[in-house]
Amino acid sequence: MEHIAALLLVIGCSGNLGDCREIPVDVPIFETREECRDALREVPEKGNQETPRIVATCVNVDPALVYDDAELVWHVDADGRLEAALEQTDVLTAFNTHRASEGLAITQDF
């Protein structure tokens, strides 16, 4: 299994930073943080007419943790600073022990 040390996150924003979205990159994962930082230098500072402001960062990943249920959470503040982290989500599964008419149990993810 490949160990990932960093994710390259590139965000394109409107001029006033009111509308931002992730921009796909050719290689988003790296085995070392240094490789990600090298790729970060290649990210342009200016985008296109739709997303004129570009912000990017390398998000550190702890290779010792399992991120099966992880979510990449990010926010661009009013100063144009990008904050991002990989967070594990809490998945709660409820199980109804009462059998439905077909004899199947019903599960619900929240």
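A brief report on the enclosed structure follows.

Conventions adopted
Chains are numbered independently. Their residues run from 1 in the order of the written sequence. Only residues with pLDDT of at least 70 are given local features in this predicted model, and only at 80 or more are side-chain atom pairs given and counted; all residues enter the totals for whole chains, interfaces and linings. Side-chain figures throughout are based on the complete set of non-hydrogen atoms in the structure, without hydrogens or water. Secondary structure elements are taken from DSSP: a helix is a run of H or I of four residues or more, a strand is a run of E of two residues or more, and numbering for both begins at the N terminus. In what follows, residue pairs with any heavy atoms lying within 4.5 Å of each other are defined as contacts. Where accessible areas are quoted, they stem from the Shrake-Rupley method and a 1.4 Å probe; at the residue level, only the protein chains shown are allowed to cover. For this text, the term disulfide refers to a pair of cysteine sulfurs within 2.5 Å. Partly exposed describes any residue whose relative accessible area lies between the buried limit of under 20% and the exposed limit of over 50%, with all areas from a 1.4 Å probe on protein chains only and scaled to the type maximum. Throughout, nonpolar core names a set of buried Ala, Val, Leu, Ile, Met, Phe, Trp, Tyr and Cys residues whose side chains join them through atoms within 4.5 Å. For this analysis, a polar contact is any N or O atom pair within 3.5 Å, provided that within protein one partner can donate a hydrogen and the other can accept it, and provided that sequence-adjacent residues contribute only side-chain to side-chain pairs. The salt bridge definition used is simple: a Lys or Arg side-chain nitrogen within 4 Å of an Asp or Glu carboxyl oxygen.

1. Things to note about the overall build of the chain
- Along its length, the chain carries 1 helix and 8 strands.
- Restricting to contacts in the chain with at least 6 residues of sequence separation, those with at least 24 account for 51%.
- Taken as a whole, the chain presents about 8,200 Å² of accessible surface, with 49% of it coming from carbon and sulfur.

2. What about the state of the cysteines?
- Inspection of the entire model under this criterion finds 2 disulfides.
- Here cysteine 13 engages in a disulfide with cysteine 20; their sulfurs sit 2.1 Å apart. Taking the sign of the S-S torsion, about 115 degrees here, the bridge from cysteine 13 to cysteine 20 comes out right-handed.
- Between the sulfur atoms of cysteine 36 and its disulfide mate cysteine 58 the distance is 2.2 Å. The sign of the -105 degrees torsion about the S-S bond sets the cysteine 36-cysteine 58 disulfide as left-handed. With cysteine 36 in helix α1 (residues 33–40) and cysteine 58 in strand β4 (residues 53–60), this pair connects stretches of sequence that are 22 residues apart. Here cysteine 36 matches cysteine 58 in class, with each residue buried.

3. Notes on unusual backbone geometry
- A positive phi angle, near 65 degrees, is found at leucine 17, a position not held by glycine.
- Along the chain, leucine 17 turns up in the loop between β1 (6–13) and β2 (20–22).
- The exposure class of leucine 17 is buried, given its relative accessible area of 10%.

4. A word on the environment of glycine 80
- By the element assignment, glycine 80 lies in the loop between β5 (70–76) and β6 (82–88).
- Sequence separation between glycine 80 and cysteine 13 is 67 residues; the distance between their C-alpha atoms is 9.1 Å.
- Not counting residues within four places of it along the chain, the set of residues in contact with glycine 80 comprises Leu17, Arg53 and Val55.

5. Quick word on the nonpolar core
- In terms of nonpolar packing, the biggest core is built from 10 residues, these being Leu7, Leu9, Ile11, Cys13, Leu17, Val55, Val59, Val61, Val76 and Leu82.
- Going through the elements one at a time, β1 and β4 are the ones with two or more residues in this core.
- Per element, the largest residue contribution to this core is 4 residues, and it comes from β1.
- Excluding residues that lie within four positions of it along the chain, leucine 7 makes contacts with Pro28, Ile29, Cys36, Thr57, Cys58, Val59, Val61 and Leu86.

6. Considerations on the side chain of serine 14
- Residue position: serine 14 is located in the loop between β1 and β2.
- There is a polar contact of 3.2 Å between the side chain of serine 14 and the backbone nitrogen of glycine 18.
- With residues up to four places along the chain from it excluded, the contact list for serine 14 reads Asp19, Glu50, Pro52 and Arg53.

7. A word on the pattern of salt bridges
- Counting across every chain of the model gives 5 salt bridges.
- Ionic pairing is found between arginine 21 and glutamate 50, a salt bridge with its closest N-O pair at 2.4 Å. One end of the pair, arginine 21, is in strand β2; the other, glutamate 50, is in the loop between α1 and β4, with 29 residues separating them in the sequence.
- Take glutamate 50: its relative accessible area is 53%, and that puts it in the exposed class.
- Arginine 81 is the salt-bridge partner of glutamate 83, the closest N and O atoms lying 2.6 Å from each other.

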